[in-house]
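Topology and contacts: notes
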Amino acid sequence: MTILHDEASIRAGVDALAVRIAAHYAGREVTVLVVLRGGIVFAADLIRRLDLPVALDTIGVASYTGAVQHASGPRLTSTPQIDLRDRDVLIVDDILDTGRTLSHLREEVARRGARSVATAVLLDKPARRAAPIEADFKVFSVPDVWIVGYGLDHHDRYRNLPFLAALDPEAAGG
Ligand code: 5GP
Ligand code: MG
């Protein structure tokens, strides 16, 4: 494992992002929709730094990986409890990779009648983008390597690491 960002670096990045998000919403209530499960750690830190009224909910999504790409896109595994109609929704996820997940979630939230939809990600991996989407708010750009820690997993492990690390290719393959 190679550390990409330590705790201090993440804290500084999340602090700066929170200031930008608070300025963008300027006193309005924002409904933070955390994407399960990778977005949990980032969202937990981010919302505690947001100087705004915040409503919090979650959405679960399973992305299909490998050779098969389903026309229907990623599948929802759980839906928000809050009625999103007329809300300013900020979707918070761990990483924007191909972009399929966030494109799908943006549409889903819009379909539920949100007044506005924006996206915040901890990481942006632009090398693999397949859907035409950029994050409205992001902390770090990363190269095309498999990243773990601070919410991101490898076979359900490492989400609890307080730093962000690149997994060695041999380990990531297994
Ligand atoms: P998408 O390809 O749809 O933009 O991203 C789908 C999901 O793939 C992300 O939300 C994240 O859960 C996962 N993902 C993409 N790249 C990485 C990575 O480097 N490490 C980990 N742990 N998950 C990733
Ligand atoms: Mg995810």
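Below or above, wherever it landed, is the structure these notes cover.

1. Some words on the site of ligand 1
Within the structure, ligand 1 sits among 16 residues, and T98, G99, T101, I147 and D153 are positioned closest to it. For ligand 1, a nitrogen atom lies 2.7 Å from a polar atom in the backbone of I147. The contact in question runs from a nitrogen atom of ligand 1 to an N or O atom on the backbone of D153, over 2.7 Å. Notes on ligand 1: free accessible area 500 Å², of which the protein chains cover 87%. Looking at the shell around ligand 1, the elements with two or more residues in it are β5 (88–96) and α3 (100–111). The biggest single contributor to the shell around ligand 1 is β5, with four residues. Residues of the shell around ligand 1, tallied by class, amount to six nonpolar, four polar and six charged.

2. Quick notes on the sheet that holds strand β8 (residues 147–148)
Pairing within the open sheet is antiparallel, and its three strands lie in the order β1-β9-β8. The open sheet has two edge strands with one neighbour each: β1 (2–5) and β8. Judged from the three bridges that link them, β1 and strand β9 (residues 164–166) form a sheet pairing that is antiparallel. Bridge assignment links T2 to a residue of β9, and that residue is A166.

What counts and what doesn't
- Residues numbered from 1 in each chain as written.
- Chains lettered and ligands numbered in written order.
- Predicted model: local features only at pLDDT ≥ 70, side-chain atom pairs only at ≥ 80, totals over all residues.
- Heavy atoms only, no water.
- Near = heavy atom within 4 Å.
- Polar contact = N/O pair within 3.5 Å; in protein donor to acceptor, adjacent residues only side chain to side chain.
- Areas by Shrake-Rupley, 256 points an atom, 1.4 Å probe, with all protein chains shown as cover.
- Helix = DSSP H or I, 4+ residues; strand = E, 2+ residues; numbered from the N terminus.
- Nonpolar A, V, L, I, M, F, W, Y, C, P; charged D, E, K, R; others polar.
- Pairing = 2+ DSSP bridges.

The analysis is restricted to geometry; functional conclusions fall outside its scope.
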